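# Results of the structural survey
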Amino acid sequence: MGSLYSEYLNPNKVQEHYNYTKETLETQQTSSRQVASAFIVILCCAIVVENLLVLIAVARNSKFHSAMYLFLGNLAASDLLAGVAFVANTLLSGSVTLRLTPVQWFAREGSAFITLSASVFSLLAIAIERHVAIAKVKLYGSDKSCRMLLLIGASWLISLVLGGLPILGWNCLGHLEACSTVLPLYAKHYVLCVVTIFSIILLAIVALYVRIYCVVRSSHADVAGPQTLALLKTVTIVLGVFIVCWLPAFSILLLDYACPIRSCTILYKAHYFFAFATLNSLLNPVIYTWRSRDLRREVLRPLQCWRRGAGVQGRRRAGTPGHRLLPLRSSSSLERGMQMPTSPTFLEGNTGV
């Protein structure tokens, strides 16, 4: 074990593993690679900004200090950190990769695994909360906040353990034949374990939303009417985005486990699949926030204040008197469809998820 950890600071180990698992090393900073890296960084900055707005909205308004919004805040936090981790991963890729020590490489990849798995667990927690609120006709009360915090803490603890297993010793240092092609310092069995866990979570989320679909359609169709259709549309969007974003990444990792070394050239383009999976962190705030009128107004408030301030400055420069700005009003037909009765059978507050 001591000899294993002694290799963590060996500056030649990363290049050794990349030379063994890959036919060619694409480390040159070509113009196309620079454009792709710049696009990914911009995308991740958008992820950080929009999730930060959600966190600020949830934190500053006491009306959002409830179960559903607490889970939404946790999802936004994990997605925000996922964006930060992917920026670091992008900036430390290419020619920089071969200059990393194994411990630096583990930190780079592990941080992305931790934050992305935390996003998945947050989605699972939200699915559980929706199932409890709708299928079980039950709302969380203030006395349940401890249980919610324990659930959120457990999800982060599991994510830390899952993403930290390689740096703790479950890697292929000293065993090149067991290495992954996509992640050359990770053991193939570790990659299979992660994919299996994520797949089980995906199936659990699908099962929960199918259950919600059945309950709403069979029990509340006579009450909800158009609200039922809006809710089912929300469920469809959530499931569709999750599957579309994550299934390609899961598939490439399963292919990585099945393919012998240097036999599947598509594995050399796996970073595109992971970049596509990161879109889930970009779309989550749009899906979950846009369904709540109150949360949407709170998220847009900083932008509205900025616009108001810019208008005042412009009028001062022009020497014209100011006018009172009217608040934003939404005429979205989907929003009107999501305004459900106040019965706890549906959604608490005005969540609309």
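Cut-offs applied
Residues numbered from 1 in each chain as written. Predicted model: local features only at pLDDT ≥ 70, side-chain atom pairs only at ≥ 80, totals over all residues. Heavy atoms only, no water. UniProt positions renumbered as here; feature names shortened; annotations may be inferred. Helix = DSSP H or I, 4+ residues; strand = E, 2+ residues; numbered from the N terminus. Buried < 20%, exposed > 50% of the residue type's maximum accessible area, 1.4 Å probe, protein only. Contact = heavy atoms within 4.5 Å. Areas by Shrake-Rupley, 256 points an atom, 1.4 Å probe, with all protein chains shown as cover. Salt bridge = Lys/Arg side-chain N within 4 Å of Asp/Glu carboxyl O. Core = buried A, V, L, I, M, F, W, Y, C linked by side-chain atoms within 4.5 Å. Disulfide = S-S within 2.5 Å. Axes fitted to C-alpha atoms, helices over the stretch in contact; angles between N-to-C directions. Parallel < 35°, antiparallel > 145°, perpendicular 65-115°, else oblique. Phe/Tyr/Trp six-rings, centres within 6.5 Å; stacked < 30°, edge-to-face > 60°. Arc of directions from axis to C-beta.

The name recorded for the protein in an unreviewed UniProt entry is Sphingosine-1-phosphate receptor 2, from Aotus nancymaae. Turning to the protein, the UniProt record has this under Subcellular location (unreviewed entry): "Cell membrane". Under the UniProt heading Sequence similarities (unreviewed entry), the entry covering the protein gives this text: "Belongs to the G-protein coupled receptor 1 family."

### Notes on the overall build of the protein
What the protein contains, in helices and strands, is 13 helices and 0 strands. Helices and strands in the protein line up, N terminus first, as α-α-α-α-α-α-α-α-α-α-α-α-α. Residues counted as buried form 47% of the 353 residues belonging to the protein. For the protein, the proportion of contacts with a sequence separation of at least 24, taken over those separated by at least 6, is 81%. Of the roughly 17,100 Å² of accessible surface on the protein, a fraction of 66% belongs to carbon and sulfur atoms.

### So, the pattern of salt bridges
With the rule as written, the count across this model stands at 3 salt bridges. With its nearest N and O atoms 3.3 Å apart, the salt bridge here joins Glu 298 to Arg 60. One end of the pair, Glu 298, is in helix α12 (residues 293-318); the other, Arg 60, is in helix α3 (residues 31-60), and 238 residues separate them in sequence. A relative accessible area of 5% means that Glu 298 is categorised as buried. Owing to a relative accessible area of 49%, Arg 60 belongs among the partly exposed residues under this scheme.

### Here we look at the nonpolar core
Core analysis: the biggest nonpolar cluster contains 78 residues, and Trp 105, Ile 205, Tyr 209, Trp 246 and Tyr 288 have the highest contact counts within it. In this structure Trp 105 touches Val 14, Tyr 18, Thr 97, Leu 100, Leu 183, Pro 184, Leu 185 and Tyr 186, once residues within four positions along its chain are discounted.

### Quick notes on the state of the cysteines
Using the criterion set out here, one finds 2 disulfides in the structure. The disulfide bridge from Cys 172 ends at Cys 179, spanning 2.1 Å between sulfur atoms. Its S-S torsion of approximately 105 degrees makes the covalent link between Cys 172 and Cys 179 right-handed. One disulfide bridge connects Cys 259 with Cys 264, the sulfur atoms lying 1.9 Å from each other. Residues Cys 259 and Cys 264 are joined by a disulfide whose S-S torsion is about -70 degrees; by sign, that bridge is left-handed.

### Concerning the packing of helix α10 (residues 270-277) against helix α11 (residues 279-290)
The interhelical angle for the contact between α10 and α11, taken along N-to-C directions, is 10 degrees, at an axis separation of 4 Å. Here α11 runs roughly parallel to α10, going by the angle between their axes. Counted together, Ala 275, Phe 276 and Ala 277 of α10 and Leu 279, Asn 280 and Ser 281 of α11 form the full contact between these two elements.

### Quick word on the UniProt feature "transmembrane region" (unreviewed entry) in the protein
The sites that UniProt annotates as "transmembrane region" (unreviewed entry) are residues 35-58, 70-92, 112-128, 149-169, 189-210, 230-250 and 270-290. A helix fraction of 96% and a strand fraction of 0% characterise residues 70-92, whose end C-alpha atoms lie 33 Å from each other. Note that residues 149-169 is 95% helix and 0% strand, and that its end C-alpha atoms are spaced 30 Å apart.

### What about the packing of aromatic side chains?
Counted according to the given criterion, the structure contains 11 aromatic pairs. Ring plane angle 75 degrees and centroid distance 5.1 Å describe the contact between Tyr 186 and Tyr 190, whose orientation is recorded as edge-to-face. Tyr 190 carries the same exposure label as Tyr 186, and that label is buried. Among the aromatic residues, those joined into a cluster by ring pairs are Tyr 8, Trp 105, Phe 106, Phe 113, Trp 170, Tyr 186 and Tyr 190.

### Notes on helix α2 (residues 13-21)
Restricting attention to buried positions, one finds in α2 the residues Lys 13, Val 14, His 17, Tyr 18 and Thr 21. The buried residues of α2 occupy an angular sector of 130 degrees when the element is viewed end-on, so they sit on one face. At its buried positions, α2 is contacted by α5 (102-134).

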